[in-house]
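This is what each chain is made of:
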Amino acid sequence: MLRAEGLSKQYGPVTVLSDVTLDVRAGEIHAIIGENGAGKSTLMRLISGYAHPSDGKLFVDGSSMRFSTPHQAQDAGIVLVHQEILLAEGLTVAENLFLGRELTRGGLVDDRTMRRIAADKLAELGCHVSPNALVRDVALADRQLIQIARALLDAHKLVIFDEPTAVLTGDEVERLLEIILRLKAQDIGVLYISHRLDEVQRLADRLTVLRDGKMVGTFPGRTLSQMDMAELMVGRELSALYPPRGDMARGAPMLSVRNATVPGYAEDISFTVHKGEVLGFAGMIGAGRTELFEGIVGLRPAQAGVELNGTPIHIRSQREAIDAGIGYLTEDRKAKGLLLNERLAPNLTLSALQRFHPALAMNKRRETGALDSAIQSYDIRVKNLKVNAGQLSGGNQQKLLLAKILLTDPSVVIIDEPTRGIDIANKAQIYAFIRQLVGAGKACIVISSEMQELIGICDRILVMRQGRINGEVAGEAMTESNIALLATAEADVSRAALGGHS
Amino acid sequence: MSAVIQSAPPRRERDFAIGWADAGPFLALAALLVIGFLINPDFLSSTNLSNVITRSAFIAIIAVGATFVISSGGLDLSVGSMAAFITGVMIMFMNGMVPHLGTWSVPAGMAIALLAGIACGLVNGLIVTVGKIEPFIATLGTMGIFRALITYLSDGGTIPIDRSLREAYRPVYFGTVAGIPIPILISLAVAAIGSFILYKTKYGRKCAAVGANADVARYSGISIIKTRTIAYLIQGACVAIAAICYVPRLGAATPTTGLLWELQVITAVVIGGTALRGGKGHIWGTVAGAVILELIANLMVLSDFVSEYLVAAVQGVIIIIAMLIQRFSNSK
Amino acid sequence: MSAVIQSAPPRRERDFAIGWADAGPFLALAALLVIGFLINPDFLSSTNLSNVITRSAFIAIIAVGATFVISSGGLDLSVGSMAAFITGVMIMFMNGMVPHLGTWSVPAGMAIALLAGIACGLVNGLIVTVGKIEPFIATLGTMGIFRALITYLSDGGTIPIDRSLREAYRPVYFGTVAGIPIPILISLAVAAIGSFILYKTKYGRKCAAVGANADVARYSGISIIKTRTIAYLIQGACVAIAAICYVPRLGAATPTTGLLWELQVITAVVIGGTALRGGKGHIWGTVAGAVILELIANLMVLSDFVSEYLVAAVQGVIIIIAMLIQRFSNSK
Amino acid sequence: ADKKVVAVSIPAADHGWTAGVVYHAQAAAKEINAAFPDVEVIVKTSPSATAQVSALEDLSAGRKLDALVILPHTSEELTMPVKAVKDGGAFITVVDRGLNDPAIQDLYVAGDNIAVGKNTAKFLVDKLGGKGNLVVLRGIPTVIDDERIKGFQDGIAGTDLKILDIQYANWNSDEAFKLMQDYLAKYPQIDAVWANDDDMLLGVLEAIKESGRTDIKFALGGNGMKEIVKKVIDGDAVTPVETPYPPSMIKTAIYMTVANLVGQAPVRGNVKLDAPLITQANAAEFYFPDSPF
Ligand SMILES: Nc1ncnc2c1ncn2[C@@H]1O[C@H](COP(=O)(O)OP(=O)(O)OP(=O)(O)O)[C@@H](O)[C@H]1O
Ligand SMILES: Nc1ncnc2c1ncn2[C@@H]1O[C@H](COP(=O)(O)OP(=O)(O)OP(=O)(O)O)[C@@H](O)[C@H]1O
Ligand SMILES: O[C@@H]1[C@@H](O)[C@H](O)OC[C@H]1O
Ligand SMILES: [Mg+2]
Ligand SMILES: [Mg+2]
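Every chain's residues receive numbers from 1 upward, in the order its sequence appears when written. A letter from A marks each chain and a number from 1 marks each ligand, given out in the order of writing. Per-residue local features are limited, in this predicted model, to residues with pLDDT of at least 70; the limit for side-chain atom pairs, both in listing and counting, is 80 or more; totals at the level of whole chains, interfaces and linings are taken over all residues. To obtain the side-chain values, all non-hydrogen atoms of the structure were used and water was disregarded.

1. Some details on the overall build of chain A
Stage number 1. Only DSSP runs of H or I with at least four residues qualify as helices, and only runs of E with at least two residues qualify as strands; both kinds are numbered from the N terminus onward. Counting its secondary structure elements, chain A contains 18 helices and 22 strands.
Stage number 2. A globule of 502 residues ought to have a C-alpha radius of gyration of about 23 Å, and chain A, at 23 Å, matches this closely.
Stage number 3. Along the longest, intermediate and shortest principal axes, the C-alpha atoms of chain A span 70 × 55 × 45 Å.
Stage number 4. Out of the 502 residues belonging to chain A, those deemed buried represent 63%.
Stage number 5. Residue contacts are defined here by distance: any two heavy atoms, one from each residue, within 4.5 Å place the two residues in contact. Put simply, 66% of the contacts in chain A that link residues at least 6 apart link residues at least 24 apart.
Stage number 6. Of the roughly 17,900 Å² of accessible surface on chain A, 49% is carried by carbon and sulfur atoms. Each radius of gyration is computed over the set of C-alpha atoms, and the globule rule expresses the reference value as 2.2 Å times the number of residues to the power 0.38. Categorising residues by exposure relies on relative accessible area from a 1.4 Å probe, with only protein chains included: less than 20% of the type maximum marks a residue as buried, more than 50% marks it as exposed, and the intermediate range marks it as partly exposed. Surface accessibility follows the Shrake-Rupley procedure with a 1.4 Å probe radius. Residue values consider only the protein chains on display as shielding.

Structural data, given as structure tokens:
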């Protein structure tokens, strides 16, 4: 149905994709996997008209095609759900959903019908935002669902998902996978990119592996184990994903929060994280984890009693949090994390400017040095140091952001979705890194929508539900079913189910 | 993964909020009326209010067009001199047609004015979109051009409307229908059509989308060039309509006609709640903004305790306070 | 994990590239010089060029400040009237001090001017940041306020500088050092300091970050209020410096001092390559922009084929063409 | 307690001369309000023609006007609105910039703009022996400006005085300074400069001084600004003469209007202030060091 032949893409002198050949059949789920920066998103953009190949051909149903706009690709039946959110924040959910193809009645836009359809489509995906809400006001995960709903609004021949699940939690992921299987049943072709190899394993009929812009090959799905896939991606053997939990005894309380309330989002939350401990925060989308921590670090109005190393502190702004040694890594790297139109070095040093200004003027060499070592230690894949942050691949943006926060040398690191969009090899690296941090006497809080990840790296997990802490699991009790139960059911019920634990 | 599937509780709706956010300029307007009454009870007399609102009609009409331009992410500094230029062209045409058409040259002149307005808008639109020049600069350039053209056409003097047309044309500004002055009716009609286009048609959606996020709009198959250019055309047409209402009031075009209107127009739009960086436009807010500006000026004339030298200062202070009221009323 | 083989080592950053993107305004400037020479060879005479560049110094100096404001995502329409106000305050202070300080009242007046400028900047900054009012409106308000204050201070007339100070102060505008007029030297110094601050200091980074994406800046621990307010303070200081150079030129402050400078200033900044929506500022481009504007005006007078009525039109056309040259030269 | 209301509508102080108008109007209002208990004089300034039309509407919407003294921003645009005030029964006094329909005014007080141009021209013709190169700076596009230019051109007609260049400098000293610098760069030989308003002359003089050029024999203005009259008194070589165009004409007009209202003397007709050449001999009569203009 779709055939790409010898596709290549160069940005200036840099080749990011060379000679990739791929075909997708109707009713097939075809997965694309590869490391961060391997060229997956670039390939998808070429296929769907968002970028133009430097070389190579595209065939749809046997006839050669050239798309100069995404719109043309959509007319040919190809639609892409972006890895990065592409919505107009100032417009409502329904307006975004129907942007450029509004329904009309008698020549007038028919808002009522559009709102109704929007609500239905979103509900199918498990998203319950109001179609009238401004996209600016809805949570990141919901934005992703809106994007997906938008792509599914019209019938297409080929739907491309570029890491659709990176920002979703279990519940929504399940629903999305169901929907993808339904597309397949309708004889629609699906291209599916994900770093969550379990999903790939469940879905893919065939999978194509990219490495450093080149094809490794196309393989039949389900025959490969996750470890096989990972090794094809990185081209060598991988060790275990999760680092061994240090047998270090948990140290003195490092950060303790009493009765934190973030109006409208979180209420009466208390917890303590200790030196050398990785504390997890689990919950469904909308549980209020992000807002809780944004409140604690002074990014939104909140009341909280905060003690750092036993000393009460009062944090009124992110600056004060950073200076006190609390680093917060946002889940929304595109809108809140990085200056997309700015070079890498200024992005890296933005939170820690002080360090690069020994005197009045900036020490450029020190800054370049910091970039070099960040690229090295976080394995940021970039072929050309002159690019802007927005030109990095999604996963590499995430690594740059991590490097940026850690440059402030925090003693408590709060990471909201640490491995969002990161490939499996680098995930392992980031996990090891987190361990290393706590090993060095820091404390780390991880908010994540991936339960396995939390279970894999945390010493203890708090589960939030509707703005409150609904329970705590540790040690043997850290299982997916326990967490899921706490995330969704009333505390009493879950306590009963957990046998009174917590 | 987990087998537990349960839908999250529906999010709180925020439907009212939209209506409430729009109320800002109207609250500021109400506050101003109260203050005005306290300062001078004549302020609320129906003659005075009807005068003031009639006067605000030009700025309101032009500002409706500007709401489109600004909503789509543009800006137009040329509207004042464009108004002068259109007025000049229109009067010259009408005067020239008198021997042939008699008073029919009035409607003919109006048609020419509309054409001229749309042509001016097209020029602005193309320079901004096809020429890809920052709107501020592009329209600053055309502002100079239109201003020079009217100076040239009038030989530096005035272009008065032919005496024989005066009486026929007068009612367009001075007449009333059912007791309501015609310019008020026209500006209401323009605002109604404007809000219809902005809120009910596909074009309106495109406009807001282009202003809110040009990339997203482009990816959605919306032509940015077309959308922005049309916004400038609408702006041109609105300027022409304003000019048409304006001619009978002053009876002439001069090189100073419409001087600094652009600032008033943009101020009306912003006071009305439309953000200068683009996105959703607020037509009725814009109209309220235009009335607010004119009321402030009127208040300055009616109140006696401000030194003539300080009028501009008090006006500045009131504008800032009006914005604060609005800001305050919007932050829940 | 760090054993991962990296296929190609990343390319080193090359700094020349920045220079090339910045070249636009300078190319436009060069083109203008050539055209000017073709029209009238006197154009390139050293007296003429030095006159013109000296004249452009005020706008250049103020525009350096505006580059900060615009880069940080703000706008300042009040600079022209602020200049008039500062000039007035400064002259009144100097004149009053003559009996006590003699010619020492000149430097004392300069200090007062700087203080006044910074105070005005602070007012603007606080209204915009703490009052959260759209900069366009806020500074349009203060524009009226400053203008009214100077009119009030001068009773609508002029505030001339005391005769006894004239000669002492005159060189600040008319003097030269090594053959270069002092205002040119001052504006170069201001630009040099400005580009040092914008490109080499922490504050400069913060400024660009706030303008590029206020959220990202906030999440990076940068205070938006502080950063923007400081930009307005810098703007105020620059206006004061410009006022200090300006006073000896005509020796008086009047209600029309600095009229419409704001438009010229913003135009210079934009021609210089800084986007009005904020982000990276281009100090030297701004300076080139200010010179371009003054050269265009000069060229209009020196050339013979433009009717006096059409000067503004030709100016508008040239500005647009200059922007096109720049746009063209930037799109590789 | 039925006070007679006299409204005075004038342009805002946008340059030296209008500032003088505002000053004298306010002074007259203060004096009259103190001296005549049954007369109230209200002064309103407007920054533009449109604003002035609005101000007229506002003034007559609130109260009944017994008289209006107006210095119109522009002639054409204010004609109909002033007529509307007249139809409301007010006595109309027009100052300086006239209306298009003289039938509307009961009293007209103005200077002689043609004479301003012509007398200056005659002086130059005389002193330069009918031969030489001139440059001219004009104000803003208005009737006043046109008349002065016309008077000047008529004055040099038939001689060998040649106007090399004429451009707008908007009655603004700054713009005049720049324009004069550019004239100096453009023309190697200039015998005389005429700026049709003294605000501009200030800028012109500064530019000449700075250039160090000696070919310019005369730099003349017009309007009777005190700084310039002082030069004439002091026998300045480059600016030995001046033409008056006193902004105090507004005061004259207000007093005459009030005189008419309080009934001592019916006043009607045209008052044209002469624009004789001010020379060192008579300059003292035209020198008011305390006025702002
Ligand atoms: N506009 C651009 N200019 C220069 N380089 C670019 C541009 N866009 C992408 N690249 C580079 O192309 C390479 C491939 O990026 P791409 O986004 O396709 O990776 P990816 O496989 O999707 O990675 P990820 O898993 O992290 O999303 C990266 O090295 C990236 O920096
Ligand atoms: N615009 C809004 N107005 C009102 N309530 C909102 C709005 N957006 C989100 N909420 C509510 O705020 C709470 C928390 O939202 P959010 O989804 O960001 O939480 P989270 O736990 O951080 O989720 P995630 O798993 O994505 O990190 C939810 O109860 C949600 O309903
Ligand atoms: O304002 C004008 C003044 O400047 C000019 O010189 O004389 C006539 C006035 O109307
Ligand atoms: Mg990608
Ligand atoms: Mg979250």
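Continuing now.
2. Some thoughts on the UniProt feature "domain: ABC transporter" (unreviewed entry) in chain A
Stage number 1. UniProt positions are given in the numbering used here, feature names are shortened, and annotations may be inferred rather than shown by experiment. Per the UniProt entry, the sites bearing "domain: ABC transporter" (unreviewed entry) are residues 2–237 and 249–491 of chain A in this numbering.
Stage number 2. Along residues 2–237 of chain A the backbone is 33% helical and 28% strand, and the end-to-end C-alpha distance reaches 33 Å.

3. Remarks on the side chain of Glu28 of chain A
All names here are of chain A.
Stage number 1. As for its placement among the helices and strands, Glu28 is situated in the loop between strand 2 (14–24) and strand 3 (29–34).
Stage number 2. Between N or O atoms, a polar contact is any pair within 3.5 Å; within protein, one atom must be a potential hydrogen donor and the other a potential acceptor, and residues adjacent in sequence are included only when both atoms are from side chains. A polar atom in the side chain of Glu28 sits 2.9 Å from the backbone nitrogen of Arg25.
Stage number 3. Residue contacts for Glu28: discarding those within four places in its chain leaves Asp23, Ile188, Gly189, Val190, Asp205 and Arg206.

4. Regarding the site of ligand 1
Residues and elements named next belong to chain A.
Stage number 1. Neighbouring ligand 1 are 20 residues; Lys40, Ser41, Thr42, Ser393 and Gly395 lie closest to it.
Stage number 2. A distance of 3.3 Å is found between an oxygen atom of ligand 1 and a backbone nitrogen or oxygen belonging to Ala38.
Stage number 3. His195 places a polar side-chain atom, nitrogen or oxygen, 2.8 Å from an oxygen atom of ligand 1.
Stage number 4. Across the complex, the protein chains shield 92% of the 650 Å² of accessible surface that ligand 1 would expose by itself.
Stage number 5. Take the shell around ligand 1: its biggest share by element is four residues, from helix 1 (residues 40–47).
Stage number 6. Polarity classes work like this: nonpolar for Ala, Val, Leu, Ile, Met, Phe, Trp, Tyr, Cys and Pro, charged for Asp, Glu, Lys and Arg, and polar for all others, with Gly in that last group. Split by residue class, the shell around ligand 1 holds five nonpolar, 11 polar and four charged. Nearness of a residue to a molecule or strand requires only that one of the residue's heavy atoms be within 4 Å of it.

5. A look at the coordination of the magnesium ion (ligand 5)
Residue and element names in this part refer to chain A.
Stage number 1. Any N, O or S atom lying within 2.8 Å of the metal counts as a donor, with the limit raised to 3.2 Å for Na, K and Ca; because water is left out of the atom set, some sites can appear incomplete. All of the protein donors around the magnesium ion (ligand 5) are Thr290 (OG1) and Glu331 (OE); their distances to the metal are 1.8 to 2.6 Å. Within this pair, whereas Thr290 is found in helix 9 (residues 289–296), its partner Glu331 is found in the loop between strand 18 (326–329) and helix 11 (333–337), the two being separated by 41 residues in sequence. Each member of the pair, Thr290 together with Glu331, is buried.

6. Thoughts on the site of ligand 2
Stage number 1. Taken together, the neighbourhood of ligand 2 is formed by 16 residues, with Asp137, Tyr265, Arg289, Thr290 and Glu291 of chain A sitting nearest.
Stage number 2. Bordering ligand 2 are residues originating from chains A and B.
Stage number 3. Within the contact set of ligand 2, an oxygen atom lies 2.8 Å away from a backbone nitrogen or oxygen of Gly288 of chain A.
Stage number 4. Contact distances for ligand 2 include 2.6 Å between an oxygen atom and a side-chain N or O atom of Glu291 of chain A.
Stage number 5. In the complex, 90% of the free accessible area of ligand 2, which totals 630 Å², lies under the protein chains.
Stage number 6. Class assignment of the residues belonging to the shell around ligand 2 gives a composition of five nonpolar, four polar and seven charged.

7. Here's the deal with the pairing of strand 21 (residues 460–465) of chain A
Residue and element names in this part refer to chain A.
Stage number 1. Of all the six residues making up strand 21, six are buried; the element is thus mostly covered by neighbouring parts of the structure.
Stage number 2. Of the two faces of strand 21, the one carrying Arg460, Leu462 and Met464 and the one carrying Ile461, Val463 and Arg465 are both buried.
Stage number 3. When strand 15 (residues 278–283) meets strand 21, the two strands line up parallel, connected through five bridges. Note on strand 21: the bridge partner recorded for Phe281 is Leu462.
Stage number 4. A pair of strands is treated as paired once DSSP finds two or more bridges between them. Judged from the six bridges that link them, strand 21 and strand 22 (residues 468–474) form a sheet pairing that is antiparallel. Each bridged residue has a counterpart across the sheet, and for Arg460 the counterpart in strand 22 is Ala474.
Stage number 5. Taken together, strand 21 and the strand that follows it, strand 22, pair antiparallel across an intervening segment of two residues, in which Gln466 is found at a positive phi of about 45°.

8. Some details on the sheet that holds strand 3 (residues 67–70) of chain D
All names here are of chain D.
Stage number 1. With respect to topology, six strands assemble into an open sheet ordered 2-1-3-4-5-10, the strand pairing being parallel. Looking at strand neighbours, the two that pair on one side only are strand 2 (39–46) and strand 10 (269–273), the edges of this open sheet. Averaged over all adjacent pairs, the angle separating strand axes in this sheet is 15°, with direction ignored.
Stage number 2. Two strands pair when backbone bridges link them, and strand 1 (residues 4–11) and strand 2 are joined in this way by eight bridges, in the parallel orientation. Within the sheet, the bridge partner assigned to Ile10 lies in strand 2 and is Thr45.
Stage number 3. To get an axis, fit a line to the C-alpha atoms, keeping to the stretch in contact for a helix; angles then go from 0 to 180 degrees between the N-to-C directions. Against the sheet, helix 1 (residues 16–35) makes contact with strand 1 and strand 2, and its axis sits at roughly 160° relative to strand 2, the strand it touches most.

9. Considering the domain arrangement of chain A
Residues and elements named next belong to chain A.
Stage number 1. Residue ranges assigned to each domain were obtained from an automatic or database domain assignment. According to the domain assignment, chain A consists of domain 1 (2–234) and domain 2 (253–339 + 410–497).
Stage number 2. Measuring from the centre of the C-alpha atoms in domain 1 to the corresponding centre in domain 2 gives 30 Å.
Stage number 3. Contacts between the two partners involve 26 residues from domain 1, matched on the other side by 19 residues from domain 2.
Stage number 4. Together domain 1 and domain 2 conceal approximately 1,700 Å² of surface at their shared face, both sides included; 54% is due to carbon and sulfur atoms. Summed over both partners, the accessible surface that disappears when two parts come together, traced with a 1.4 Å probe, is what is meant by buried area.

10. Looking at the sheet that holds strand 3 of chain A
Residues and elements named next belong to chain A.
Stage number 1. The sheet built from six strands is open, its strands ordered 6-9-10-3-11-12 with mixed pairing. Pairing within the sheet leaves two strands with one partner each, and these edge strands are strand 6 (78–81) and strand 12 (214–220). Averaged over all pairs of adjacent strands, the angle between their axes in this sheet comes to 15°, without regard to strand direction.
Stage number 2. Of the strands in this sheet, strand 3, strand 6, strand 9 (158–162), strand 10 (189–193) and strand 11 (206–211) touch helix 1, which is tilted by about 150° from strand 10.

11. A closer look at the nonpolar core
Stage number 1. The criterion is simple. A nonpolar core is a set of buried Ala, Val, Leu, Ile, Met, Phe, Trp, Tyr and Cys residues joined through side-chain atoms within 4.5 Å. Ranked by size, the top nonpolar core spans 291 residues in total, and within it Val41, Leu124, Leu137, Met180, Val193, Val204 and Ile254 of chain D carry the most contacts.
Stage number 2. The residues touching Ile254 of chain D, leaving out its near neighbours within four places in the chain, are Val8, Ala25, Ala28, Ile32, Val41 and Val69 of chain D.
Stage number 3. In terms of nonpolar packing, the next biggest core, distinct from the first, is built from 54 residues, Ala282, Tyr378, Ile380 and Leu406 of chain A among them.

12. As for the coordination of the magnesium ion (ligand 4)
Residue and element names in this part refer to chain A.
Stage number 1. Bound to the magnesium ion (ligand 4) on the protein side are Ser41 (OG) and Gln83 (OE1), at distances that span 1.9 to 2.1 Å. Within this pair, whereas Ser41 is found in helix 1, its partner Gln83 is found in the loop between strand 6 and helix 3 (93–97), the two being separated by 42 residues in sequence. Considered together, Ser41 and Gln83 belong to a single accessibility category, that of buried residues.

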